[in-house]
Amino acid sequence: MVKSGVRHDYDLRSNLCTDDEAMCVVCDEKLKGNTRWTDSFGEAVCITCEIPYQLLRPSGMAEDVELPKCNIKPEWLPRLKEYWEEKRQPMGLGTYLITRDYEEDLEHRRTFGRWCEERGYG
Ligand SMILES: [Zn+2]
């Protein structure tokens, strides 16, 4: 099955960097088999909700940081979970450098952004 946002086999190689136990902190899906790379080194999104995770350690990252690490500020997680519970829609929050290649993700991000504005979430 072709999953949303998957363009090349390369995108799915992120799944080789995910352990069997890791679960998405927002949508509760297993990360293994459900991620794709973004444009940032070692970062992949959960395909279901499009929340970014650091799977590989970039240079300079402390060795004691446990991977996979959710790349969302902890104070935002309750808002993301609220959105997920209400909408069940992906949020497009990965790191993308050439945005024209990720129109669908950006539309998800815009929709999420409007939802946040309506609630006064900065
Ligand atoms: Zn997820």
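Counting restarts for each chain: residues are numbered from 1 in the order of the written sequence. It should be noted that, the model being predicted, local features are given only for residues of pLDDT at least 70 and side-chain atom pairs only at 80 or more, the latter also being counted only at that level, while totals for whole chains, interfaces and linings use all residues.

A closer look at the overall build of the chain
Stage number 1. Strands are runs of DSSP state E lasting at least 2 residues, helices are runs of H or I lasting at least 4, and numbering of each runs from the N terminus. Scanning the chain from N- to C-terminus turns up three helices and four strands.
Stage number 2. Reading the secondary structure of the chain in the N-to-C direction produces α-β-β-β-β-α-α.
Stage number 3. A compact globule built from 122 residues would reach a C-alpha radius of gyration of about 14 Å, and the chain, at 14 Å, matches this within 12%.
Stage number 4. Summarising its shape, the C-alpha atoms of the chain cover approximately 40 × 30 × 25 Å along the three principal directions.
Stage number 5. Scored against the burial criterion, the 122 residues of the chain give a buried share of 29%. Note that the radius of gyration is over C-alpha atoms, with the globule rule given as 2.2 Å times the number of residues to the power 0.38. Field definition: a residue is buried when 20 or more other C-beta atoms are found within 10 Å of its C-beta, exposed when 12 or fewer are, and partly exposed for counts in between, with C-beta atoms placed from the backbone.

Comments concerning the nonpolar core
Stage number 1. For this entry, the nonpolar core is defined as buried Ala, Val, Leu, Ile, Met, Phe, Trp, Tyr and Cys residues connected by C-beta atoms within 7 Å. Ranked by size, the top nonpolar core spans 19 residues in total, and within it C24, V26, C46, C49, I51 and M91 carry the most contacts.
Stage number 2. Residue assignment for this core shows that the elements contributing at least two residues are β2 (43-46) and α2 (77-87).
Stage number 3. Every residue in contact with C46, bar those within four places of it in the chain, is listed here: C24, C27, E29, L31, N34, T35, I51 and Y53. Contacts here follow a simple rule: the backbone-placed C-beta atoms of the two residues must lie within 7 Å.

Overview of the confidence of the model for the chain
Stage number 1. Note: pLDDT gives the predictor's confidence per residue, expressed from 0 to 100. Scored by pLDDT, the chain comes out at a mean of 90, with 93% of its residues at no less than 70.
Stage number 2. When pLDDT is averaged over each element of the chain, α2 comes out on top at 98 and helix α1 (residues 9-12) at the bottom at 75.

Notes on the pairing of β2
Stage number 1. Direction of pairing for strand β1 (residues 35-37) relative to β2: antiparallel, over a ladder of three bridges. Bridge assignment links W37 to a residue of β2, and that residue is A44.
Stage number 2. Two strands pair if DSSP finds at least two bridges between them. A loop of five residues connects β1 with β2, the two strands running antiparallel in sequence, and G42 in this loop sits at a positive phi of about 70°.
Stage number 3. Where β2 meets strand β3 (residues 52-54), three bridges bridge the pair, whose relative direction is antiparallel. What sits directly across from V45, in β3, is P52.

Quick notes on helix α3 (residues 103-119)
Stage number 1. Between the first and last C-alpha of α3 there are 25 Å, a value that for 17 residues agrees with the 24 Å anticipated at 1.5 Å per step.
Stage number 2. All of the buried residues along α3 are D105, H108 and F112. Each buried residue of α3 sits inside an arc of 60° when the element is viewed along its axis, so together they form one side. Turned more than 90 degrees away from the buried face of α3, the exposed residues are E103, E107, R110, R114, E117 and E118.
Stage number 3. Contacts from the buried residues of α3 go to α2. Under the convention used throughout, the expected extent of a helix is 1.5 Å for every residue step, that is, one less than its residue count. It is the directions from the helix axis to the C-beta atoms whose arc is reported.

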